[in-house]
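Structural characterization, general
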Amino acid sequence: MFVSETHLPQLLPPAAYTDRGWYERELESVLRPAWWAVALEQELPAEGSFVTFDHVEGPVILRRSGGAIRAYRNVCPHRLAKLTGRASGRCAMLKCEYHGWEFDDSGATRRIPDAPSFRPLEKGRLGLDVLRVEQVGPVVFLCHDPHAVPVREWLGADADRFERQFAGASWISWKHEVDLPVNWKVVVENNLESYHIGTVHAATLGAIPAEGVCGHELDAAGSRFEAPGDTGFLSPMKRHLAGRLGRAMTEQYVHAIVHPTLMWVAVDIGAGFQSVVPTGPSSCRIVFRSAGWQSGGGRPLVDWAIRRLHGVALPLWRRVIGEDLALMPQVQAGIASPRHPGPGLVSRREERITHFQRWLLDRLDGTADRGVAEPGGCRVVPREGVA
Ligand code: FES
Ligand SMILES: [Fe+2]
């Protein structure tokens, strides 16, 4: 059931989706202090493995060193080049590809070629910026703010459930990145509604789900949508495979957001997450990852069957996501119009959007400390007791 009994206001003005000043405020108040799911640990399988990506505060290199996954700003302190432009690889040490400066695991400068040319230079003075990294299960989180709360606290009451769902999800079935000329909130808000299913996804998902089978839950960290899980003819097989791994298959489809942008889903015999990374006031990058549960080597047939089942389901989900992505620039273009017929409106079915907007406004106003936001007309349900 939905939480609200009435339609709700569109709280954000159109400028929130286009204006650079607004975006700068979001960077400071909401995006910098957030935790960002940036990898699964199996993407860094060996000592020295690394991946690089651009993020809200510039390029980042994530590397496994000394047995731990560490993150550094991918900018050299010498001439400010990226240490490497490669997307992934393995390196024996952190070394800039331009002039060869080397850095130890703490980011401190370890060796400078032709060091006497830099006299006088205090030993260890120049180094790489180190960023915070924490893991929840196999999911690697990054934070740009040294004072932010730990990631489990940021995930709120979802932390245990998130960890359980991703535990053992060691086979990455899909990783996909898309750049869109769209404000990050357009993508988030699209994800937070089921209203468009009957139009945008008519060919893939069919009709809009009945309210009686939908559950909405709103809390201080985010919101979730729940509906009955997979009831297709493959369900008994999935249940059997999950049982062989000593796990229970998810009987509910769960789609959760942890504000501002982490979306994660509990899917049959696996899990997936999507991170919307803002790259400017009117642009963002969306990164999807889904992963299947695996036995860790003890049950190769079960592992094989799970991978096959993920392979069967993925084409449908790729199509669904493609349908959303194709429409997003059209939404942005309308919002960016200089004139509008009104401020917009949100239905009960889209109430997670108003909840998200209230959360955002509270932080931009600096009033978040007053407690759980009360979205217009919505009752906020505490998440305690959620399995
Ligand atoms: S820019 Fe990195 S060593 Fe010169
Ligand atoms: Fe959609």
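**A word on the overall build of the chain**
A count of helical and extended segments in the chain gives 8 helices and 19 strands. The C-alpha radius of gyration computed for the chain amounts to 22 Å, which stays within 12% of the reference 21 Å derived for 387 residues, consistent with globular compactness. Across the chain, contacts joining residues at least 24 apart in sequence account for 65% of those joining residues at least 6 apart. Carbon together with sulfur atoms contributes 55% to the accessible area of the chain, which is approximately 17600 Å² in total. With 44 positive and 44 negative side-chain charges, the chain shows a spacing of 6 Å between the two charge centroids.

**A look at the sheet that holds strand β18 (residues 283-292)**
Strand order in this open sheet of 7 strands is β12-β18-β17-β16-β15-β14-β13, and the pairing throughout is antiparallel. Two strands bound the open sheet, and with one partner strand each, they are β12 (171-180) and β13 (215-218). Neighbour to neighbour, the strand axes of the sheet diverge by 15° on average, direction disregarded. Summarising the sheet, strand β14 (residues 222-228) and strand β15 (residues 252-258) pair through 7 bridges and their orientation is antiparallel. In the sheet register, Pro 228 faces β15, and the bridge partner there is Gln 252. Relative to the sheet, helix α7 (residues 300-335) contacts β12, β17 (270-280) and β18, its axis offset from that of β12 by approximately 10°.

**Here's the deal with the coordination of the iron ion (ligand 2)**
When four donors bind a metal tetrahedrally, each ideal donor-metal-donor angle is 109.5 degrees, and when six bind octahedrally, the ideal angles are 90 or 180 degrees. At the metal site, the iron ion (ligand 2) is ligated by His 196 (NE2), His 201 (NE2), Asp 324 (OD) and Asp 324 (OD), and these contacts range over 2.1 to 2.3 Å. Mapping the donors of the iron ion (ligand 2) onto the primary sequence gives the spacing H-x4-H-x122-D. Remark: Asp 324 occurs in helix α7 and His 201 occurs in the loop between α5 (197-200) and β13; sequence separation between them is 123 residues. No difference in accessibility class separates His 201 from Asp 324, as the two residues are buried.

**Some details on the state of the cysteines**
As enumerated under the stated definition, the model contains 0 disulfides in all. Counting only cysteine sulfurs, Cys 284 is the nearest neighbor of Cys 143, a cysteine outside any disulfide, at a range of 20 Å. We classify Cys 143 as buried; its relative accessible area is 1%.

**Thoughts on the environment of Phe 288**
Along the chain, Phe 288 turns up in strand β18. When its relative accessible area of 6% is taken as the criterion, Phe 288 is described as buried. The spacing of Phe 288 and Asp 105 is 183 residues in sequence and 29 Å in space, taken between C-alpha atoms.

**Some details on the domain arrangement of the chain**
By the assigned domains, the chain splits into domain 1 (1-32 + 157-387) and domain 2 (35-147). The C-alpha-based centres of domain 1 and domain 2 are spaced at 30 Å. Contacts between the two partners involve 23 residues from domain 1, matched on the other side by 20 residues from domain 2. Between domain 1 and domain 2 lies a buried interface of about 1700 Å² when both sides are counted; carbon and sulfur atoms form 63% of it. Measuring nitrogen to oxygen at the nearest pair gives 2.7 Å for the salt bridge that ties Glu 57 to Arg 32. Listing elements by their share of the side of domain 1 that touches domain 2, those giving two or more residues are α1 (20-31), α3 (159-166), β12, β17 and β18. It is β17 that provides the largest number of residues to the side of domain 1 that touches domain 2, a total of 5 residues. A class-by-class count of the residues in the side of domain 1 that touches domain 2 yields 15 nonpolar, 3 polar and 5 charged.

**With respect to the packing of helix α4 (residues 184-191) against α7**
Running from N to C, α4 and α7 point in directions that differ by 125°, and their axes come no closer than 10 Å. The angle between α4 and α7 places the two elements in the oblique class. Where α4 crosses over α7, the handedness of that crossing is right-handed. Contacts between α4 and α7 involve Val 186, Val 187 and Asn 190 on the former and, on the latter, Asp 324, Met 328, Val 331, Gln 332 and Ile 335. Classifying every residue of the contact of α4 with α7 by side-chain character gives 5 nonpolar, 2 polar and 1 charged.

**Section: the side chain of His 255**
Checked against the element boundaries, His 255 lands in strand β15. Leaving out residues up to four positions away in the same chain, His 255 has contacts with Asn 191, Ser 223, Arg 224, Phe 225, Met 263, Trp 264, Val 265 and Arg 352.

**A look at unusual backbone geometry**
Cis geometry marks the peptide bond from Arg 119 to Pro 120; its omega dihedral reads -10°. Along the polypeptide, Pro 120 turns up in the loop between β9 (109-111) and β10 (130-136). Cis geometry is adopted by the peptide bond preceding Pro 260, which originates at His 259 and carries an omega value of 10°. Here Pro 260 lies in the loop between β15 and β16 (262-267). Although it is not a glycine, Leu 80 sits at a positive phi angle of roughly 70°. Looking at the element boundaries, Leu 80 is found in the loop between β5 (68-73) and β6 (88-90). Of note in the backbone geometry, Asp 114 takes a positive phi value of approximately 55° without being a glycine. Along the chain, Asp 114 falls in the loop between β9 and β10.

Procedures and definitions
Residues numbered from 1 in each chain as written. Chains lettered and ligands numbered in written order. Predicted model: local features only at pLDDT ≥ 70, side-chain atom pairs only at ≥ 80, totals over all residues. Heavy atoms only, no water. Helix = DSSP H or I, 4+ residues; strand = E, 2+ residues; numbered from the N terminus. Rg over C-alpha atoms; globule rule 2.2 N^0.38 Å. Contact = heavy atoms within 4.5 Å. Areas by Shrake-Rupley, 256 points an atom, 1.4 Å probe, with all protein chains shown as cover. Lys, Arg positive; Asp, Glu negative; His and termini not counted. Charge placed at Lys NZ, Arg CZ, Asp CG, Glu CD. Pairing = 2+ DSSP bridges. Axes fitted to C-alpha atoms, helices over the stretch in contact; angles between N-to-C directions. Donors = N, O, S within 2.8 Å, 3.2 Å for Na, K, Ca; no water. Buried < 20%, exposed > 50% of the residue type's maximum accessible area, 1.4 Å probe, protein only. Disulfide = S-S within 2.5 Å. Domains from an automatic or database assignment. Buried area = accessible area lost by both parts, 1.4 Å probe. Salt bridge = Lys/Arg side-chain N within 4 Å of Asp/Glu carboxyl O. Nonpolar A, V, L, I, M, F, W, Y, C, P; charged D, E, K, R; others polar. Parallel < 35°, antiparallel > 145°, perpendicular 65-115°, else oblique. Left-handed = near helix turned anticlockwise from the far one by under 90°.

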